[in-house]
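The primary structure of each chain is shown beneath.
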Amino acid sequence: MTNLEFMELRQVLDDRCSKVLSQKAELYARERDRLSNFHTIADMTGETALSVWAVLFAKHSLVLTTHEGSQVKLEDSIIDARNYLDLLYALLRTSSGSSLANPSFVNMLGPP
């Protein structure tokens, strides 16, 4: 696969991820807070929002690592996993009190 082919493939995947994220927002984040489900489940279970995220992300990781299901299910899990990484990014930003202008949590993660 050439770099151009990869970048085109990535753009298709980015578009699919955005579409799914928007659709699922209507189902899972009905309140003004896009991360409300993580916080609600954390309050219900006594866990942190990041711990809740990790459990929910694990189900997508399981499909990816075991390759169970159809090709469509595998592709759906790739999309969901990418979207969950975006949600993790948002959770880290909000949990560290950082803003878009000052992403202080990046310091917690170490050098790239």
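The text that follows walks through the structure, step by step, so that each part is easy to find. Everything numeric here is computed off the predicted structure, so don't read it as measured data. (Residues numbered from 1 in each chain as written. Predicted model: local features only at pLDDT ≥ 70, side-chain atom pairs only at ≥ 80, totals over all residues. Heavy atoms only, no water.)

### Describing the overall build of the protein chain
Consideration 1: In terms of helices and strands, the protein chain carries five helices and zero strands.
Consideration 2: If you list the helices and strands of the protein chain from N to C, you get α-α-α-α-α.
Consideration 3: Here the protein chain holds 112 residues, and the buried ones make up 25% of them.
Consideration 4: If you take every contact in the protein chain between residues at least 6 apart in sequence, the share linking residues at least 24 apart comes to 49%.
Consideration 5: Of the roughly 8100 Å² of accessible surface on the protein chain, a fraction of 60% belongs to carbon and sulfur atoms. (Helix = DSSP H or I, 4+ residues; strand = E, 2+ residues; numbered from the N terminus. Buried < 20%, exposed > 50% of the residue type's maximum accessible area, 1.4 Å probe, protein only. Contact = heavy atoms within 4.5 Å. Areas by Shrake-Rupley, 256 points an atom, 1.4 Å probe, with all protein chains shown as cover.)

### Some details on the environment of Arg-93
Consideration 1: Secondary-structure assignment places Arg-93 in helix α4 (residues 71-95).
Consideration 2: Overall, Arg-93 belongs to the buried group, its relative accessible area being 8%.
Consideration 3: Side-chain polar atoms of Arg-93 contact the side chain of Tyr-89, separated by 2.7 Å. (Polar contact = N/O pair within 3.5 Å; in protein donor to acceptor, adjacent residues only side chain to side chain.)

### Some remarks on the packing of helix α2 (residues 36-45) against helix α3 (residues 49-66)
Consideration 1: The contact between α2 and α3 brings their axes to 8 Å, and the two run at 105°. Classified by the angle their axes make, α2 and α3 are roughly perpendicular. Residues Phe-38, His-39, Ile-41, Ala-42 and Thr-45 of α2 pack against Ala-49, Val-52, Trp-53 and Leu-56 of α3.
Consideration 2: For the contact of α2 with α3, a count of residues per class yields seven nonpolar, two polar and no charged. (Axes fitted to C-alpha atoms, helices over the stretch in contact; angles between N-to-C directions. Parallel < 35°, antiparallel > 145°, perpendicular 65-115°, else oblique. Nonpolar A, V, L, I, M, F, W, Y, C, P; charged D, E, K, R; others polar.)

### So, the packing of aromatic side chains
Consideration 1: Per the counting criterion, the structure on display carries two aromatic pairs.
Consideration 2: Aromatic side chains Trp-53 and Phe-57 sit 4.7 Å apart centroid to centroid with 15° between the ring planes, which places their arrangement in the stacked category. Of this pair, Trp-53 and Phe-57 both sit in helix α3, four residues apart, which is roughly one turn of the helix. Both residues of the pair, Trp-53 and Phe-57, belong to the buried class. (Phe/Tyr/Trp six-rings, centres within 6.5 Å; stacked < 30°, edge-to-face > 60°.)

### Comments concerning the pattern of salt bridges
Any two side chains of opposite charge can pair, so long as their charged atoms come close to each other.
Consideration 1: Under the defined criterion, the tally for this structure stands at four salt bridges.
Consideration 2: Between Asp-14 and Arg-82 there is a salt bridge, with the nearest N and O atoms lying 2.4 Å from each other. You can see Asp-14 sitting in helix α1 (residues 3-28) and its partner Arg-82 sitting in helix α4, a full 68 residues away along the chain.
Consideration 3: We classify Asp-14 as partly exposed; its relative accessible area is 23%.
Consideration 4: Each of the salt bridges in this network shares a partner with another, and the network as a whole consists of Arg-16, Glu-75 and Asp-76. (Salt bridge = Lys/Arg side-chain N within 4 Å of Asp/Glu carboxyl O.)

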